[in-house]
Amino acid sequence: MAAPQPRRGPEPLLNIGQVLDRLREDFPSVSIPKIRFLEDKGLIKPERTPAGYRKFSEADVERLVYVLRMQRDHYLPLKVIGEHLDAIDRGLEPPPIDSVVPTVPKNTLGVDGLPPAESFRRTDGLRLSRKELLKIAEISEGTLAELETFGLLTAMPTGHFDSDALVIATTARELGEFGLEPRHLRAFRAAADREVGLVQQVTAPVRRSRDAAAAARADDTASELAALSVRLHATLVKAGLRRS
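Overview of the structure. Remember, it's a predicted structure, so these values are computed and weren't measured experimentally.

The next point concerns the pattern of salt bridges. Taken as a whole and assessed by the stated rule, the structure comprises 13 salt bridges. Here Arg 130 and Glu 141 are joined by a salt bridge, their closest N and O atoms 2.9 Å apart. Of this pair, Arg 130 sits in helix 5 (residues 130-137) while Glu 141 is found in helix 6 (residues 141-149), placing the two residues 11 residues apart along the sequence. When its relative accessible area of 39% is taken as the criterion, Glu 141 is described as partly exposed. Residue Arg 173 is joined to Glu 177 by a salt bridge in which the shortest nitrogen-to-oxygen separation is 3.5 Å. Through salt bridges that share partners, Glu 39, Arg 48 and Arg 54 make up one connected network.

The following block contains the structure:
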């Protein structure tokens, strides 16, 4: 992957909204708070107008793309990415990208960004140590402890964490960029438990059947119901925001 280039001569500058539009095709989850967070960490340094508005050059955008790709594709922590950028700024080549942690399978999402039914069938067998989870999700031990305290994620009996725990930890970190702490996320846990209860209520009669294929049918039904439940929840939130 090409490294970001040093700033060139005068060129049109972009505001933060225009930068967001440029990035979203390749990085759908990127947000203005995320860009501000990376600036706070010193990874990007956009110019400022006298009124304090950020103005980004093409070099700034390339730098953002580099940071986001290193996070998404190689799971590099921000400190290491910062070291790469420092080397680039000093005219050096960044170090080769080696796998610093086990590769994590990417979630399969539908066209609209919502998980399809098959994603609810566990197949990856991913097991992360506590240290690996902290590193890949880029959260602190304190944050992980809070997520456990509030019932948002739980270690497996072996002490490892699965792919669901990784997604929860990563999402909690991203929500934290908006000021939401783990204690604020208990409502999501309660809502999820209610949806799980509804799915179990529908599948219980199927699962109790003496038919040899009953368990498989119940699992398929649960997956379909779960996907529909998530779709309905997301659409209701979207509709509510549009009305507000």
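What follows covers the nonpolar core. Soluble globular proteins tend to bury their nonpolar side chains together. Membership of the largest hydrophobic core comes to 24 residues, with the highest contact counts inside it found for Val 19, Leu 23, Ile 35, Leu 38 and Leu 64. Residue assignment for this core shows that the elements contributing at least two residues are helix 1 (16-23), helix 2 (32-40), helix 3 (58-74) and helix 4 (78-89). Among the elements that make up this core, the one with the highest residue count is helix 3 (7 residues). The contacts of Ile 35, once residues within four sequence positions are left out, are Ile 16, Val 19, Leu 20, Leu 23, Val 30, Ile 44, Phe 56 and Leu 64. In terms of nonpolar packing, the next biggest core, distinct from the first, is built from 18 residues, Leu 126, Ile 139, Leu 152 and Ala 172 among them.

Note on placement: Phe 178 falls in the loop between helix 7 (163-176) and helix 8 (186-207). If we ignore the near neighbours within four places in the chain, the residues touching Phe 178 are Ser 31 and Pro 33.

The next subject is the environment of Lys 45. Mapped onto the secondary structure, Lys 45 falls in the loop between helix 2 and strand 1 (47-48). Judged by relative accessible area, which is 64%, Lys 45 ranks as exposed. For the pair formed by Lys 45 and Lys 55, sequence separation is 10 residues and the distance between their alpha carbons is 9.4 Å.

Before going further, it helps to spend a moment on the packing of helix 1 against helix 3. The description of two helices packed together rests on the angle between their axes and the distance between the axes. Interaxial distance between helix 1 and helix 3 falls to 11 Å at its minimum, and their mutual angle equals 50 degrees. One way to sum up the angle between helix 1 and helix 3 is to call them oblique. When you trace helix 1 past helix 3, the crossing you get is right-handed. From helix 1, Val 19, Arg 22 and Leu 23 reach across to helix 3, where they touch Glu 58, Val 61, Leu 64, Val 65 and Leu 68.

Rules used in this analysis
- Residues numbered from 1 in each chain as written.
- Predicted model: local features only at pLDDT ≥ 70, side-chain atom pairs only at ≥ 80, totals over all residues.
- Heavy atoms only, no water.
- Salt bridge = Lys/Arg side-chain N within 4 Å of Asp/Glu carboxyl O.
- Helix = DSSP H or I, 4+ residues; strand = E, 2+ residues; numbered from the N terminus.
- Buried < 20%, exposed > 50% of the residue type's maximum accessible area, 1.4 Å probe, protein only.
- Core = buried A, V, L, I, M, F, W, Y, C linked by side-chain atoms within 4.5 Å.
- Contact = heavy atoms within 4.5 Å.
- Axes fitted to C-alpha atoms, helices over the stretch in contact; angles between N-to-C directions.
- Parallel < 35°, antiparallel > 145°, perpendicular 65-115°, else oblique.
- Left-handed = near helix turned anticlockwise from the far one by under 90°.

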